[in-house]
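# Fold and contact review
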Amino acid sequence: MANNVWDIKTHLQVQYYASSTWVSIEADTYEVSIDRGVMIDQSVLVRPDSGSLQVRMQKSSLSDLVTGPAYKSNMPIRVRYQPTPDTAPGIWNIIFFGYISNVAMQYMTEAKILDITISADDSTKLLMNTRLPVFDINSTTGKSFRNVMDELALKIAAVDARLVFYQNGTGGSATFQDYQTWVDEISGTILNQCLDAELGWVYSAKDAGNQYYNTRTDINTKQATTWNNSNMTVSNVHTSSVDHICMDHMDLSFDTDTLVNSVKVEHALTNIVKTAKNTTSITNYGEWPQDFSIQMDTGASPYTRLQDWADHVAAAADPKAIRSVSCPALRRDGTTSKIANVEIADTLQVEFVDPANTSNKIQQVALISRINHEITAEHWEVNLGIWKAI
């Protein structure tokens, strides 16, 4: 009888890529830890962050120890699972793609077993650490955020063909960059400068070696997503719906350390300054100032583009937010839930209902900023960082 009950031994694969073929590592995987996402700097700026993988496995054969493994540093690696192993065994969902950074082995003398630990980074590490001989923002490449990102993608790919970087959305640019030339510069320096001005996102795909960028317009479109009872929801109220995700833990806070309601932004080169205040937020929570240094084309006097940046940041000043949720990836019947396959920058609905008074509830729609998988033979937990983005 087909029941799709999931098991780490038979329904999860760790594979490396060699000779144009994905090869499964023949060993018993007993622990997988994946951490991917973006960093939030100064409570406002979204920075790319290198994702990591650690896999622990065991095997009785000692060939990998004696002769060396076929899977080596810098090789592509991926982790995938079967969501419906009985009814659709040919479907595999990939939850990590990256490149091996280290392979460590230990021989367990008493058990006569080889214990293997494989570590890997996703392609964000390459994206942020590619040295570019020259990069120009000029009248030919264009100054808009999208034009600069697309040109940067070409320059990075010319150095490292493994990197494929493009927009995951259709929104137009909110900002323009100054004309500028970099010589012998690390790509991450350029990327962060442009992202800070745009208030955009950059992250790596979980299932391939692609990197995505979102414009501020793309993020605003996601932010405008409203609550819909038909959408997948993490909730403490159990239902049998496939769109219900059981909640193990929720972190909600009124954290003024993350609050910016009085903004001062200075152009990094010309020292032009613009300010903005969220008077409603200041009345409710007090004034919480933050200074920023941004490089972008400010536009002609009165420098409306820089003022728009300050206004946009100040307008988002609300300290109340659900910061993270934890969920089991396996449902009560042992099948995988949809939460196992979410992606960075996806919108997520989270609900908490007071058991003593069900009319009291919190419902929040936010963007997934971080995904952590902790998988063992006994349990699979998905920990999600979520953010009500600027």
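Predicted model, so just to flag it, every value in this text is computed and none were measured.

### Section: the environment of S144
Along the chain, the position of S144 falls in the loop between β8 (131-137) and α4 (145-159). Residues S144 and S173, 29 residues apart in the sequence, show an inter-C-alpha distance of 6.0 Å. Residues within four places of S144 in sequence aside, it is in contact with S173, T175 and F176.

### Considerations on the sheet that holds strand β12 (residues 210-214)
Adjacent strands of a sheet pair through backbone hydrogen bonds, lying either parallel or antiparallel. In spatial order, the strands read β9-β12-β11; together these three strands make up an open sheet with mixed pairing. Of all strands in the sheet, those with a lone pairing partner are β9 (164-167) and β11 (201-204), marking the two edges. Each neighbouring strand pair of the sheet contributes to a mean axis angle of 20 degrees, computed without reference to strand direction. Judged from the four bridges that link them, β9 and β12 form a sheet pairing that is parallel. Residue pairing across strands places Y166 opposite Y212, the latter belonging to β12. α4 contacts β9 and β12 of the sheet and is inclined by roughly 165 degrees relative to β12.

### Overview of the sheet that holds strand β17 (residues 273-277)
Reading across from one edge, β17-β16-β18 is the order of the three strands in this open sheet, with mixed pairing throughout. Among the strands making up the open sheet, the edge pair consists of β17 and β18 (289-294). Taking each pair of neighbouring strands and ignoring which way they run, the sheet shows an average axis angle of 15 degrees. As paired elements, strand β16 (residues 262-267) and β18 share six bridges and run parallel to each other. The partner of H267 across the bridge, within β18, is I294. Contacts from helix α8 (residues 304-315) reach β16, β17 and β18, with the element oriented near 25 degrees to β17.

### With respect to a nonpolar patch on the surface
A surface patch of nonpolar side chains, about 350 Å² in accessible area, is lined by L62, L65, V66 and Y107. Within the element layout of this structure, L65 appears in helix α2 (residues 63-67). Relative accessible area serves as the criterion here: at 40%, L65 is assigned to the partly exposed category.

### A short note on the pattern of salt bridges
Evaluation of the coordinates by the stated rule reveals 17 salt bridges. With a closest N to O distance of 2.4 Å, D297 and K143 form a salt bridge. A residue pair is termed long-range when its members are at least 10 positions apart, and D297 in the loop between β18 and α8 and K143 in the loop between β8 and α4 qualify at 154 residues. You'll find D297 and K143 in the same group, each marked buried.

### Here's the deal with helix α5 (residues 187-198)
Taking 1.5 Å per residue, twelve residues should reach 16 Å; α5 reaches 17 Å between its end C-alpha atoms and fits that length. Most of α5 is tucked away: eleven of the twelve residues are buried. Taken together, the buried positions of α5 are occupied by S187, G188, I190, L191, N192, Q193, C194, L195, D196, A197 and E198. In the stretch just after α5, L199 is the one whose phi turns positive, near 60 degrees.

Rules used in this analysis
Residues numbered from 1 in each chain as written. Predicted model: local features only at pLDDT ≥ 70, side-chain atom pairs only at ≥ 80, totals over all residues. Heavy atoms only, no water. Helix = DSSP H or I, 4+ residues; strand = E, 2+ residues; numbered from the N terminus. Contact = heavy atoms within 4.5 Å. Pairing = 2+ DSSP bridges. Axes fitted to C-alpha atoms, helices over the stretch in contact; angles between N-to-C directions. Patch = residues over 30% accessible without salt bridge, like charges linked within 9 Å, V, L, I, M, F, W, Y side chains within 5 Å. Areas by Shrake-Rupley, 256 points an atom, 1.4 Å probe, with all protein chains shown as cover. Salt bridge = Lys/Arg side-chain N within 4 Å of Asp/Glu carboxyl O. Buried < 20%, exposed > 50% of the residue type's maximum accessible area, 1.4 Å probe, protein only. Expected span 1.5 Å × (residues − 1).

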